[in-house]
Each structure stands twice: as structure tokens, then as C-alpha cells.
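# Residue-level structure breakdown
What follows is the residue order along each chain.
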Amino acid sequence: MTMTELYSTEEFERKYTYAGSDLGARWKKEKTAFRLWAPTAKSVKVNLYKAGDPGVEDRISQIEMKSAVAGTWTAEVEGDQNGVYYTYTVELEEGVRETCDPYARTTGVNGHRAMILDLRSTDPEGWAEDRDPNAGKNITDAIIYELHVRDLSVDPSSGIQQKGKFLGVIEENTATPEGVPTGLSHIKSMGITHLHLLPSYDYGSVDEAHPEREQFNWGYDPVNYNVPEGSYSTDPFHGEVRVKEMKQMIQGLHKHGISVILDVVYNHVYDGETFCFNRIVPEYFSRTHDGHYSNGSGCGNDTASERSMVRKYIVDSVNYWADEYHIDGFRFDLVGLIDCETINAIVDTVHETHPNVIFYGEGWTMPTDLTKEGVALCTQRNARLTPGFSFFSDTVRDALKGTVFVDDAPGFVSGLPGQEAVLEQCFLGQPAWCPNPSQTVNYASCHDNMALFDRIVLSTPKASRADQIRMNNLAAAFYMTAQGVPFFQAGEEMLRSKPLPGGGFDENSYKSPDSINSIKWADLRKEEYRQVCRYYRGLIAFRKAHPLLRQMVSDTVNATVTPVSGLDANVLAFRLAGDAEPGREIFIAFNANPTAAVVQLPAGKWDVCADGETAGNTVIGTAVGAIPVEPISAVILVKEEKKAEMKADNSRKIALGALAAAAAGGILAALLGRKKK
Ligand code: CA
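Owing to the predicted nature of the structure, the values given are computational and were not obtained by experimental measurement. (Residues numbered from 1 in each chain as written. Predicted model: local features only at pLDDT ≥ 70, side-chain atom pairs only at ≥ 80, totals over all residues. Heavy atoms only, no water.)

### Brief notes about the packing of aromatic side chains
Counted according to the given criterion, the structure contains 42 aromatic pairs. Look at Y320 and Y325: their rings are 6.0 Å apart centre to centre, the planes differ by 80°, and that puts the pair in the edge-to-face class. Taken as a pair, Y320 and Y325 share a single burial class, namely buried. Note on F392 and F487: the rings are 5.0 Å apart at their centroids and 90° apart in plane angle, and the pair reads as edge-to-face. (Phe/Tyr/Trp six-rings, centres within 6.5 Å; stacked < 30°, edge-to-face > 60°. Buried < 20%, exposed > 50% of the residue type's maximum accessible area, 1.4 Å probe, protein only.)

### Some thoughts on the sheet that holds strand β5 (residues 66–67)
Pairing is antiparallel in the open sheet, where four strands are placed in the order β1-β2-β6-β5. Bordering the open sheet on either side are β1 (24–27) and β5, each of which pairs with just one other strand. In the sheet, β1 pairs with strand β2 (residues 31–37) via four bridges, with the strands oriented antiparallel. Bridge pairing in β2 places G24 opposite R35. (Pairing = 2+ DSSP bridges. Helix = DSSP H or I, 4+ residues; strand = E, 2+ residues; numbered from the N terminus.)

### Looking at the coordination of the calcium ion
Bound to the calcium ion are the protein donor atoms D202 (OD), Y203 (O), E208 (OE) and E229 (OE), situated 2.2 to 2.4 Å from the metal. Within one chain, the residues serving as donors to the calcium ion are arranged as D-Y-x4-E-x20-E. As far as burial versus exposure is concerned, Y203 and E208 are alike and both buried. (Donors = N, O, S within 2.8 Å, 3.2 Å for Na, K, Ca; no water.)

### Quick notes on the packing of helix α11 (residues 452–459) against helix α12 (residues 465–481)
Contact pair α11 / α12: the axes reach a minimum separation of 10 Å and the direction vectors enclose 130°. For the element pair α11 / α12, the angle class is oblique. The hand of the α11/α12 crossing is right-handed. Across the interface between the two elements, L452, F453, I456 and V457 from α11 touch R465, Q468, I469, M471, N472 and A475 from α12. Each residue belonging to the contact of α11 with α12 can be placed in one class, and the counts come to seven nonpolar, two polar and one charged. (Axes fitted to C-alpha atoms, helices over the stretch in contact; angles between N-to-C directions. Parallel < 35°, antiparallel > 145°, perpendicular 65-115°, else oblique. Left-handed = near helix turned anticlockwise from the far one by under 90°. Contact = heavy atoms within 4.5 Å. Nonpolar A, V, L, I, M, F, W, Y, C, P; charged D, E, K, R; others polar.)

### Some remarks on unusual backbone geometry
Of note in this structure, N110 is not a glycine but carries a positive phi near 60°. Its location among the elements puts N110 in the loop between β8 (95–99) and β9 (114–115). Residue N570 is not a glycine yet carries a positive backbone phi of 65°. You can call N570 buried: its relative accessible area is 14%.

### Structural notes on α11
For α11, the tally of buried residues reaches six of eight residues, placing the bulk of the element in the interior. For α11, the set of buried residues is L452, F453, D454, R455, I456 and S459. Buried residues along α11 sit against α9 (394–401), α12 and α14 (527–545).

### Section: the pattern of salt bridges
Under the counting rule described, the total for this entry stands at 34 salt bridges. In this structure, E324 and R120 form a salt bridge, with 2.8 Å as the shortest nitrogen-oxygen distance. Remark: R120 occurs in the loop between β9 and β10 (144–147) and E324 occurs in helix α7 (residues 308–324); sequence separation between them is 204 residues. Measuring nitrogen to oxygen at the nearest pair gives 3.0 Å for the salt bridge that ties E341 to R311. Residue E341 is located in helix α8 (residues 340–353), and its partner R311 is located in helix α7; the two are separated by 30 residues in the primary sequence. You can call E341 exposed: its relative accessible area is 53%. Since its relative accessible area comes to 15%, R311 is described here as buried. Overlapping salt bridges bring together R120, D123, K247 and E324 as one network. (Salt bridge = Lys/Arg side-chain N within 4 Å of Asp/Glu carboxyl O.)

### Notes on the sheet that holds strand β26 (residues 621–629)
Spatially, six strands are ordered β22-β23-β24-β27-β25-β26 in an open sheet, and the strand pairing comes out antiparallel. The sheet terminates laterally at β22 (561–563) and β26, the two strands that pair on one side only. Ignoring which end each strand starts from, the neighbouring axes of this sheet average 30° apart. Bridging between strand β23 (residues 571–577) and strand β24 (residues 584–591) involves seven bridges; their strand directions are antiparallel. Looking at the pairing, F574 lines up with I588 of β24. Where helix α10 (residues 420–427) meets the sheet, it contacts β22, β23 and β24, and its direction lies at approximately 25° from that of β23.

### Structural notes on helix α4 (residues 183–190)
Side chains of residues three or four places apart in an α-helix project in the same direction, reflecting 3.6 residues per turn. Within α4, the full set of buried residues consists of G183, L184, H186, I187 and M190. All buried residues of α4 fall inside an arc of 160° around its axis, so they share one side. In this fold, the buried residues of α4 make contact with β10, α3 (149–153), β11 (194–197), α5 (239–255) and α14. Backbone geometry just downstream of α4 places G191 in the positive-phi region, at approximately 90°. (Arc of directions from axis to C-beta.)

### Observations regarding the packing of α4 against α14
Taken N-terminus to C-terminus, the directions of α4 and α14 make an angle of 50°; their axes are 8 Å apart at the nearest point. On the basis of their axis angle, the class for α4 and α14 is oblique. Residues H186, S189 and M190 of α4 touch α14, and the partners they reach there are C533, Y536, R537 and I540. Here the residues of the contact of α4 with α14 sort into four nonpolar, two polar and one charged.

### Considerations on the environment of A603
Structurally, A603 can be placed in strand β25 (residues 597–610). The exposure class assigned to A603 is exposed, which follows from its relative accessible area of 65%. Measuring from C-alpha to C-alpha, the distance between A603 and K372 comes to 60 Å, with 231 residues separating the pair along the chain.

Put into C-alpha cells, the structure is as follows:
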């Protein structure tokens, strides 16, 4: 039996699973205690350094560690060691290696040396009182906005001082030179509840030592899982700064009512060979076979989450971010490579002390060389095995705008027929793989693949720009009113585009320059872009006002949301009524045709709250009997039973007359195509 086979045996796990919560370096004023899990090591030493840069020969001392329980090694250093850097020197069959600590709380520049840290000294003022502003709500109440830290601020038009930094995310009252709000002010104005940040732990593809150079990467290349990325701090050389500034950012967002989600990438590491855990326990963290790394991730290695100490490591790491940084949600990259038992352990552990934290991820099915038999992976298909974990719905994404595997493929909004059945399931929050709407994240674009508007432009070469914008808004109207969790890429609400200099669009901008990736706030000078922003804002406000759109389980959805039958091709409509909103009904119709459709309404007088150009909680018209749905657009209507009855009781004649007039006026106006500012 090879060593890597041995790692995954019950015998090895019985003997070498360490369950304690004291791995890493634990600072106290009097002394710092170390514990490292290295079951195959012959000896381990701790090296203490003055600085965090490995290029500097400034070792203070070297301390021999003692062999302790379950394959761990321990040591203690007297005195206040806050701010002292350290590494481990591990002697193995394979040779002697100096490495960083997998449990490092922070590091020096580029993550080579860990740093001993008094974590309380990094807390901003008022941190103990900092809370998730959306605690107590359901995951279906979340409206998620996906952002890269650097993209928000780096364009000159942002007006943000701390460009590309954590602190730039919370600069208040920033604006373009023309005075249009940008950055946090803009995000806040959208009404979103959760800000999802692309990887913000320490990743490897940006050289932190050269902040003066333009460098960009999405950051799906983890180096230190429990350390903030240095290039987003104002000083990557001093380990405490990145910790302080990330906490400041989170606190600042919380103050503005915005919860924070971290994009976490436990499924693979930057480099399997040099990742510190694998340096300390060779090939333990990753799935290998005869020295070859499994590569389902397409990034060179897959994490062996089914091994007990990898599972513990991931559970500890997620829980640490929730505890220490007050993170309110986690988006798991390629979670289909991680086993269900690990995911359920994460959800259960974090929820013990942070019941509000939400979890979702990419549950694609991918091949990977598991190291144990009978392991179920956390994929969409296995959604029933992880009820507390939600999945991106490529079903609704592709049905709305076209498959991501063909650059110019159309979808429902851009003229592809035959999408009614699948979209009906998606609207009910129950695509084929999804047991409950609480488990589907509905979206039309994220950082991956073409931006939504770019895709629409590519797939509809003959359409007018006005119609292309209507397609964009139709997609948004669908996923913002569907059962499930709405999610969108930052800038989608202002027709974000990633044009390539030579023509076409960037469908994988992971390391493209700022000129492609940055949010172009200057676009908001134009009314066309501001109009789309207003539309998204209105959809969000409407969703927040209506619990009928935000139900958690399929049974209640199926009892309260009724698909309308007998409609034209490429038209969908739904009637919503139930206990979530007593005395009120909602009617929503989507028309993807280039011609208007007339949809029959249930009895009564309906208030129109949204059409192809305007959305919100303001009544923009009324309708009785039928509603014309303009080409490539949605309509949203609300009927208030109680209000109508009350009016009828108070002044029956006047009310009836006014109702009839208003209804007739509403229909007429809609048929004529109302002019709006
Ligand atoms: Ca880094």
C-alpha cells in the first residue's frame, strides 16, 4: 500500500485524526503556543523571523517541536510574540522543507512567512457590536451582487481614492466627475442585501511586492486560505494591515445594511506541490494517484476533502471566517469536487454559532479521482443530500440567454423558442435537479463567460440596441421575480461589457487588464444606462416588498404559484396568491416575442407595477380583464383585495365609477404604448 492510499484508510484516520481547535500559532501576551499536524514527519522546528519577506535573512531563533497526540507537534515561546513572523522546518522521508503554516492567521508579503498575531488588536472600534444586518432572514430574501474588489474602484471615473483596495469598497459618497454616484453609494442605492466578493483570501497570481504595477487576477488560485489577500491592503508587507483593513471593509458594509459573502476556493490550490499542507504532509491535501494529481478542477489539482484532516481543515477555515471576520455567506467554487459530508459538516458547524450564514456554490458534475469508496460529491444532482446548501442554476441562466458553451447562442430573451417548459420550472424554483427554491441561485450572468449584455449583442446581430436592452431587462425581470435566490454580476444593471480591443468580447477575463474588467462608471453619464439601473432598482424593491416571491419550500410554492396555460408561444405568465401576502394577488407575464401579446387576467382590477421600461412599487397603470404585454418585456401586476373592498364599502358608487374609468384608462394607455420620462 502506498502512503497516499494509507492516508485514506480507517486505521490511519483513527490514529491520526486530531480534533482539537488549537492548530496554528495561538498568541497570548505571556507566550505563544504552536501546534502543527505532521504525522509523517521525523522532526519539526519553528523558525521565528523579524520580517515577513523570505528574501531577508533575519531569523531570531529556531525551536524544536515535540511530538504530541494524533500526529501533531507542539512548541511554546515565552513572551509577547505579536508581530513576529514564523515558518516550520519539517524533516520528512522526502527531505527537509521550510513552509508556511496552513493555519496562518496572516502572513508577510506574498504569503511565504506566517505571522503571530494578537487578533483582538486588529479589531476596528465597535467590532464587538458588529452584526449581520440581514440576520434572521431566509436565503430567499437575499439579493446577491457579485463583485471583484479591484473592478469597483480602479477606473478613473470611480472617483474612489483607494483604488483596488478593500478600503475602496467602503468609501462613501463617491461620484463620477459629473456627480453620478459610484462605488458603495451606487451599490447601496440598488437595494441589494448581500455583496459577494470574488476571492479575497491570499492568492498567488498577483505579486504583492509590486503594487505600483497594473496586475489583475480573479484570484481562483489559493495560497493561504485563512489570510486576506495582500494586494487588496494598503501595506502587504505588514501582516496585521490586511487583517485590519478587511475587517474595516466588512464593518463598513454592515453599517450600510449590506451582508458580506466570500467566494471560497477549497476545491483546488494554486500549486499542489508547493501548497504548504502538501509540503508538510506530502500529497495529503490533494487527490493523487501514482504521484499524478487528479485534475477535475482544470487547475492542476483537486482537494481530497474526503480525508479527515482535510475535512477538518475546510470546516475550521470556513468557521474561522464566519467567527473572526463576521462573514455572512460563502460561495463555493466548483463545490462538485467536495464531498457532501464535508459540506454538511461546514453548514452544521457554522450554523451552531452563526445561524444566518448562507451557503451556495457551483455544483457541476466533474470527474475526479476520489481516494475513498462510496463518497457522494456535492453536485446539483445530489442537492437532496445537502439541504442547507444552494446551487447556481445553469438551467435558468442558459434558458434565459443561451448556453454558455456557444458564444452567440440565443436564449428565451433573445428569441430562442421552446423555453417555456423549463422556464416554468425555474420560475417555481424547481428546475429538475432542485428539491426546493431555497436551493437554487437564479442568475443571468456572473464573472465567468460573457457579460449578459455582450451575450445578447452577439446573439442578436440584427436587433436594435433598444430591443437588446429590452432583452437584458426581460432576463432580469425573470430571475428577480422567480422563486429562489437572485444573483447578478456587478455592473449587469448598467449593461456591463467586456469588449476586446480587436473586436468581440472577453468571455474569460480572469487575468485581463483593468481596461476590460473595471466597472466603467462614466457610462452612467448616459440616460440609457441610468434607465437600466432604475429598472433593476425597481425590480429589487418589488421583490423585497413581496414575500410571495421569496418562498422557501416547493410545497408552498406549488400551492400558491399557478402557471397560466393557453398562452402564445414564448409567453409565460403566473398568478401568485397565498398566506405569504393575505388579501393580495400578484400576476406576472413575460413576452419574448418581437410583437405584443395580450394575456387574460383573473377577475378584478389590477395595478401595474412593472412593464418593459419601469419597475417598482409605484402603480403605473391599471388593468381589468386583460393586459397587453409589449414586445420583449415583462409586466407585473398586483391586486389588493382588501383595499378594493374597503373602498367599495365607503363610497360604493364613486369607487365603482372611478375603478371603471381607471381600468379603461390603464388598458387604453398600455395599448397605445404609454410615453414615459
Ligand atoms: Ca497573495
